[in-house]
Amino acid sequence: MAERPEDLNLPNAVITRIIKEALPDGVNISKEARSAISRAASVFVLYATSCANNFAMKGKRKTLNASDVLSAMEEMEFQRFITPLKEALEAYRREQKGKKEASEQKKKDKDRKTDSEEQDRSRDEDNDEDEERLEEEEQNEEEEVDN
């Protein structure tokens, strides 16, 4: 666990992408400013996590959940972020549900394909057995005619 904010460094590529998305085109940012924003983001993540953890502990849970994070945002007086966070959470849940349904459908399709292949193999084996029986019968008939 990070003991100091300096111990937690968010990836520079992520910080840079977020900064670029937040600034208008043509606006540049110095390395020093990017470093300061990165450290501030690290402190924010640690603080938000700590506040959310307090809500989980009050609920006698060891796992933080979305409601803990939303409560932490309110406690930290970031109410204006609650609605966008709820919207993002709903979008995430819909996406996960869609992925789960797609995975289940893929599994069902695979099972159907496997069942169909097994039926085809079984049918082929039955046909092979029928052909062998017919050949034996023909040989038996030929032997009877020869006798």
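Please refer to the structure higher up on the page.
Residues numbered from 1 in each chain as written. Predicted model: local features only at pLDDT ≥ 70, side-chain atom pairs only at ≥ 80, totals over all residues. Heavy atoms only, no water.

Novice: So, the overall build of the chain: which residues are in play, and what are the values?
Specialist: Tallying secondary structure elements over the chain gives four helices and zero strands in all. The dimensions of the chain, computed from C-alpha atoms along their principal axes, are 105 × 45 × 30 Å. Out of the 147 residues in the chain, the part that is buried amounts to 10%. Put simply, 41% of the contacts in the chain that link residues at least 6 apart link residues at least 24 apart. Counting every atom, the chain has about 12600 Å² of accessible surface; 49% of that belongs to carbon and sulfur. The average position of the 26 basic charges and that of the 38 acidic charges among the side chains of the chain differ by 23 Å. (Helix = DSSP H or I, 4+ residues; strand = E, 2+ residues; numbered from the N terminus. Buried < 20%, exposed > 50% of the residue type's maximum accessible area, 1.4 Å probe, protein only. Contact = heavy atoms within 4.5 Å. Areas by Shrake-Rupley, 256 points an atom, 1.4 Å probe, with all protein chains shown as cover. Lys, Arg positive; Asp, Glu negative; His and termini not counted. Charge placed at Lys NZ, Arg CZ, Asp CG, Glu CD.)

Novice: Outline the nonpolar core, supporting the account with residue identities and numerical values.
Specialist: Counting eight residues, the largest nonpolar core consists of Ala48, Cys51, Ala52, Leu70, Ala72, Met73, Met76 and Ile82. Contributing elements (two or more residues each) for this core: α2 (31-58) and α3 (66-75). Aside from chain neighbours lying at most four places away, what touches Met76 is Phe44, Tyr47, Ala48 and Cys51. (Core = buried A, V, L, I, M, F, W, Y, C linked by side-chain atoms within 4.5 Å.)

Novice: Just give me the short version of the packing of α2 against α3, but keep the residues and values in it.
Specialist: Packing of α2 against α3 leaves a shortest axis separation of 8 Å and a crossing angle of 115 degrees. The orientation of α2 relative to α3 falls into the category roughly perpendicular. As α2 packs across α3, the resulting crossing turns out to be right-handed. Facing α2, whose interface residues are Phe44, Ala48, Cys51, Ala52, Phe55 and Ala56, α3 presents Asp68, Val69, Ser71, Ala72, Met73 and Glu75. Tallied by class, the residues present in the contact of α2 with α3 amount to nine nonpolar, one polar and two charged. (Axes fitted to C-alpha atoms, helices over the stretch in contact; angles between N-to-C directions. Parallel < 35°, antiparallel > 145°, perpendicular 65-115°, else oblique. Left-handed = near helix turned anticlockwise from the far one by under 90°. Nonpolar A, V, L, I, M, F, W, Y, C, P; charged D, E, K, R; others polar.)

Novice: Break down the side chain of Thr16 for me, with residues and values.
Specialist: Relative to the helices and strands, Thr16 resides in helix α1 (residues 12-22). Separated by 2.8 Å, the side chain of Thr16 and the backbone oxygen of Asn12 make a polar contact. (Polar contact = N/O pair within 3.5 Å; in protein donor to acceptor, adjacent residues only side chain to side chain.)

Novice: I'd love a proper account of the packing of aromatic side chains, names of residues and values included.
Specialist: This model, assessed by the stated rule, comprises two aromatic pairs. With 5.4 Å between their ring centres and 85 degrees between their planes, Phe44 and Phe78 make a pair best called edge-to-face. Pair noted here: Phe44 is in helix α2 and Phe78 is in the loop between α3 and α4 (82-146), with a separation of 34 residues, a long-range link. Judged by its relative accessible area of 27%, Phe78 falls in the partly exposed class. Taking 5.5 Å as the distance between ring centres and 45 degrees as the angle between the ring planes, the aromatic pair formed by Phe78 and Phe81 counts as tilted. Judged by its relative accessible area of 34%, Phe81 falls in the partly exposed class. The structure contains a cluster of three or more aromatic residues connected by ring pairs, namely Phe44, Phe78 and Phe81. We note Lys58 situated over the ring of Phe55; from NZ or CZ to the ring centre the distance is 4.9 Å. (Phe/Tyr/Trp six-rings, centres within 6.5 Å; stacked < 30°, edge-to-face > 60°. Lys NZ or Arg CZ within 6 Å of the ring centre and 35° of its normal.)

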